[in-house]
Amino acid sequence: PRPGQRSLAVTAYSALADARSLRGELALAVTEYQRAIDALAAMGRGHTLQAVGLLNGLGLRLSRAGQTLRAAAAYAQGIAIAREIATTDVGPGIEPNYGKLLVDLGRAREAMPLFERALASASERGHVRAIALTSLLAAPAWCAEGDLARCSMRAPMKPAVEDQAHPDPRADGDERE
């Protein structure tokens with residue numbers, strides 16, 4: 001392959017995985033994510049932030065397909081890579097996604113530090129949507145552990161998430177209705 005072709009292949013596999021996922025073809029999406037991860041590793045880039053992002057995508061699709069243990073392994077691998085390359089910038093997705101899965105698996109106490117780090121990172125960045133979404137995903141962990149004050153944070157965050165998910169089109173000067 002010529003320079004750049006293998007990198008382009010990783011991008012193509014990832015895009016195809018996303019398209020398959022949107023069509024509800026989760027098994028095929030998982031296959032394409034795994035191809036992208038394998039291709040990245042073959043280039044010696046298996047321990048990069050790009051790999052972390054691909055592992056997050058793989059974990060999401062595995063989780064949606066009901067393969068929770070494989071999803072947990074993908075998330076854990078992504079977080080381990082992020083720590084190995086000594087980055088605190090794991091993005092707003094993988095830690096809360098893994099945390100939610102741990103809560104679903106009855107491991108709420110293990111999920112709490114993931115949510116805390118994700119909330120701290122989102123707060124540092126001023127990423128309102130990530131703060132709101134992570135708070136929503138985190139609330140059940142504190143509910144499961146009996147911390148009702150943290151559990152109740154879920155209700156005030158719901159409108160903020162909905163506002164971010166469905167912004168008013170007129171806010172950008174668009175007068176159409």
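Conventions we followed
Residues numbered from 1 in each chain as written. Predicted model: local features only at pLDDT ≥ 70, side-chain atom pairs only at ≥ 80, totals over all residues. Heavy atoms only, no water. Core = buried A, V, L, I, M, F, W, Y, C linked by side-chain atoms within 4.5 Å. Buried < 20%, exposed > 50% of the residue type's maximum accessible area, 1.4 Å probe, protein only. Helix = DSSP H or I, 4+ residues; strand = E, 2+ residues; numbered from the N terminus. Disulfide = S-S within 2.5 Å. Phe/Tyr/Trp six-rings, centres within 6.5 Å; stacked < 30°, edge-to-face > 60°. Axes fitted to C-alpha atoms, helices over the stretch in contact; angles between N-to-C directions. Parallel < 35°, antiparallel > 145°, perpendicular 65-115°, else oblique. Left-handed = near helix turned anticlockwise from the far one by under 90°. Contact = heavy atoms within 4.5 Å. Nonpolar A, V, L, I, M, F, W, Y, C, P; charged D, E, K, R; others polar. Expected span 1.5 Å × (residues − 1). Arc of directions from axis to C-beta.

Chemist: Account for the nonpolar core, naming residues and giving values.
Modeler: Counting residues in hydrophobic clusters, the biggest one holds 35 residues, and the most contacted among them are Leu54, Leu58, Tyr98, Phe115 and Ala141. Top element by residues in this core is helix 4 (residues 68-84). It accounts for seven residues.

Chemist: Let's hear about the state of the cysteines: which residues, and what values?
Modeler: Covalent bonding between the sulfur atoms of two cysteines is what defines a disulfide. A complete count under the given rule lists one disulfide for this structure. There is a disulfide in this structure between cysteine 143 and cysteine 151, and the S-S distance comes to 1.5 Å. With the S-S bond torsion at 75°, the cross-link from cysteine 143 to cysteine 151 turns out right-handed. For cysteine 151, a relative accessible area of 16% gives the class buried.

Chemist: Which residues make up helix 5 (residues 94-104), and what values do they have?
Modeler: Burial runs high along helix 5: nine of the 11 residues are buried. Phi for glycine 106, located one or two positions after helix 5, is positive at around 80°.

Chemist: I'd like to hear about the packing of aromatic side chains, residue by residue, with values.
Modeler: Taken as a whole, this structure holds two aromatic pairs when the rule is applied. Plain terms: the ring middles of tyrosine 75 and tyrosine 98 are 5.9 Å apart, the flat faces sit at 40° to each other, and that makes the pair tilted. With tyrosine 75 in helix 4 and tyrosine 98 in helix 5, the pair connects residues that are 23 residues apart, well separated along the chain. The same class applies to tyrosine 75 as to tyrosine 98, namely buried. Seen from their ring centres, phenylalanine 115 and tryptophan 142 are 6.3 Å apart, and the 45° between their planes marks the pair as tilted. One end of the pair, phenylalanine 115, is in helix 6 (residues 108-125); the other, tryptophan 142, is in helix 7 (residues 128-144), and 27 residues separate them in sequence. Judged on exposure class, the residue phenylalanine 115 and its partner tryptophan 142 are both buried.

Chemist: Lay out the packing of helix 1 (residues 5-22) against helix 2 (residues 26-42) with the relevant residues and their values.
Modeler: For the pair helix 1 and helix 2, the least separation of the axes is 8 Å and the interaxial angle reads 165°. The angle between helix 1 and helix 2 places the two elements in the roughly antiparallel class. The chirality of how helix 1 crosses helix 2 is left-handed. Between helix 1 and helix 2, the residues in contact are Arg6, Val10, Tyr13, Ser14, Leu16, Ala17, Asp18, Arg20 and Ser21 and Leu26, Leu28, Ala29, Glu32, Tyr33, Arg35, Ala36, Ala39, Leu40 and Ala42, respectively. Taken together, the residues that form the contact of helix 1 with helix 2 break down as 12 nonpolar, two polar and five charged.

Chemist: So, helix 1: which residues are in play, and what are the values?
Modeler: Look at helix 1: 25 Å from first C-alpha to last across 18 residues, which is about the 26 Å you get at 1.5 Å a residue. Looking at helix 1, one finds that the buried residues are Val10, Ser14, Ala17 and Ser21. Across the axial projection of helix 1, the buried residues extend over an arc of 55°, all falling on one side. Facing away from the buried side of helix 1 by over 90 degrees, the exposed positions are Leu8 and Leu22. Positive backbone phi, approximately 85°, marks glycine 24, located one or two places after helix 1.

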